[in-house]
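# Reading the structure
What follows is each chain in one-letter form.
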Amino acid sequence: MTTESEKATSSHSGTPNHADVDERDQEGNDGIALPAHVAGSRSLDRLVDQARDYAAAATAENTNKAYKADWKHFASWCRRKGVDALIPSPAVVGLYISDCAKPQDGSPRLSVSTIERRLSGLAANYRQRGLALDMKDRHIASVWAGIKNTHGKPPTQKEAVLTEDVLEMVAQLSFGLRDMRDRAVLLLGYAGGLRRTEITGLDVGKEETDDGRGYLEMLDGGVVLHIKGKTGWREVEIGRGSSDQSCPVHALEQWLHFAKIDFGPVFRRVYRDNSGVGTERLSDKHVVRLIKRLVLEAGVGPTDISDEERVRRFAGHSLRAGLASGAEVDERYVQKQLGHASAEMTRRYQRRRDRFRVNLTKAAGL
């Protein structure tokens, strides 16, 4: 009996494999092109480029990078196996994820979450080409269910940085330009429950840079962040704190004043000698490095673990988890601040939530 993957191979045996061409195509045009029957022109070519930019903006930049890497890996795998990556074959994809789920040349197998993202990346790539990958086909659905049942583990969550931890971390910083910037990054990220890309993606004003993810609106009572997220724009309101030492708005104002920033990216690289700032936007990876460094310096976390384990437990999401866990307000306000569509998602970030505040056992009369 001829399998679907064999059919794909035999039907294209007289033509070159398109995997290599496809990798270049995916990097360059996101599947957007003029129809074959339309003659090209300079104005139409400009519109194609604009349409490609909009298509790329449909998903987050990091997601696009991950999807491109996923397609490159899949195309390389198809080339080695002698099948055409451009044919959306559930049978081939099922074999591919099976291969991903086994240890590779002495390295550990890919995690279930990584394989899931690769599936999403392949489906997204085919959609860009006007093709459909049937994720419910038994060749994918059954294999994927088996992988999850066999290798699935409860999700590991990063430790939350709580209010007392943030204060200890801020206390490690001086008042040079670099530390002034890092203080604003830490306090603003915590009070806003922001993702690291949302922190570093801020601009001073609206539509000032092409790569900005939001902008500031300074008010007497605080600052309003207009954040461009996955589902559109949202407002994050950050009020003034009880003291200048812990106030995120004061820290932001101090940084903008002494760094002499009134246009473009809010958070930027500081010169090595701390004498001024550059024009380029700070990398979101700096937020992760900052949190891990200050966690060590402030001794945040359990006392009976090694420094290596302590660093592993904290990351950029520790700020969001900290706000969700430490803010003693109604849950719906935390949900709004984090930009979550459901309360259930917000609860995943709460590390010390009273799970039995609503006791259905007593409510039922037991």
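Residues numbered from 1 in each chain as written. Predicted model: local features only at pLDDT ≥ 70, side-chain atom pairs only at ≥ 80, totals over all residues. Heavy atoms only, no water.

## Structural notes on the overall build of the protein chain
- Of regular secondary structure, the protein chain possesses 17 helices and six strands.
- Of all intrachain contacts in the protein chain linking residues separated by at least 6 positions in sequence, the fraction that spans at least 24 positions is 59%.
- Working note: accessible area of the protein chain is about 21200 Å², and carbon and sulfur atoms make up 51% of it. (Helix = DSSP H or I, 4+ residues; strand = E, 2+ residues; numbered from the N terminus. Contact = heavy atoms within 4.5 Å. Areas by Shrake-Rupley, 256 points an atom, 1.4 Å probe, with all protein chains shown as cover.)

## Some thoughts on helix α5 (residues 90–100)
- Of all 11 residues in α5, nine are buried, a share of seventy percent or more.
- Taken as a whole, α5 has its buried residues at Pro 90, Ala 91, Val 92, Val 93, Gly 94, Tyr 96, Ile 97, Asp 99 and Cys 100. (Buried < 20%, exposed > 50% of the residue type's maximum accessible area, 1.4 Å probe, protein only.)

## Quick notes on the environment of Val 277
- Following the sequence through the fold, Val 277 ends up in strand β6 (residues 277–281).
- Between the C-alpha atoms of Val 277 and Phe 258, which are 19 residues apart in sequence, the distance is 9.9 Å.

## Some remarks on the nonpolar core
- Core analysis: the biggest nonpolar cluster contains 45 residues, and Met 169, Leu 225, Trp 255, Val 266 and Phe 267 have the highest contact counts within it.
- Put simply, the parts of the chain that give this core at least two residues each are α8 (163–170), α9 (177–192), β3 (222–229), β4 (232–239), α11 (248–258) and α12 (285–298).
- The greatest single-element share of this core, amounting to eight residues, is contributed by α9.
- Discounting residues that sit within four places of it in the chain, Trp 255 has contacts with Leu 177, Met 180, Arg 181, Ala 184, Lys 260, Ile 261, Val 266, Phe 267, Arg 268, Val 270 and Val 277.
- Counting 22 residues, the second largest nonpolar core, distinct from the first, contains Val 92, Val 93, Tyr 126 and Leu 133. (Core = buried A, V, L, I, M, F, W, Y, C linked by side-chain atoms within 4.5 Å.)

## Thoughts on the packing of α9 against α12
- Relative to each other, α9 and α12 sit at 95°, their axes nearing to 11 Å. With respect to α12, the axis of α9 lies roughly perpendicular. For the pair α9 and α12, the contacting residues are Arg 181, Asp 182, Val 185 and Leu 186 in the first and His 286, Val 287, Leu 290, Ile 291, Arg 293 and Leu 294 in the second.
- Its residues assigned to classes, the contact of α9 with α12 comprises six nonpolar, one polar and three charged. (Axes fitted to C-alpha atoms, helices over the stretch in contact; angles between N-to-C directions. Parallel < 35°, antiparallel > 145°, perpendicular 65-115°, else oblique. Nonpolar A, V, L, I, M, F, W, Y, C, P; charged D, E, K, R; others polar.)

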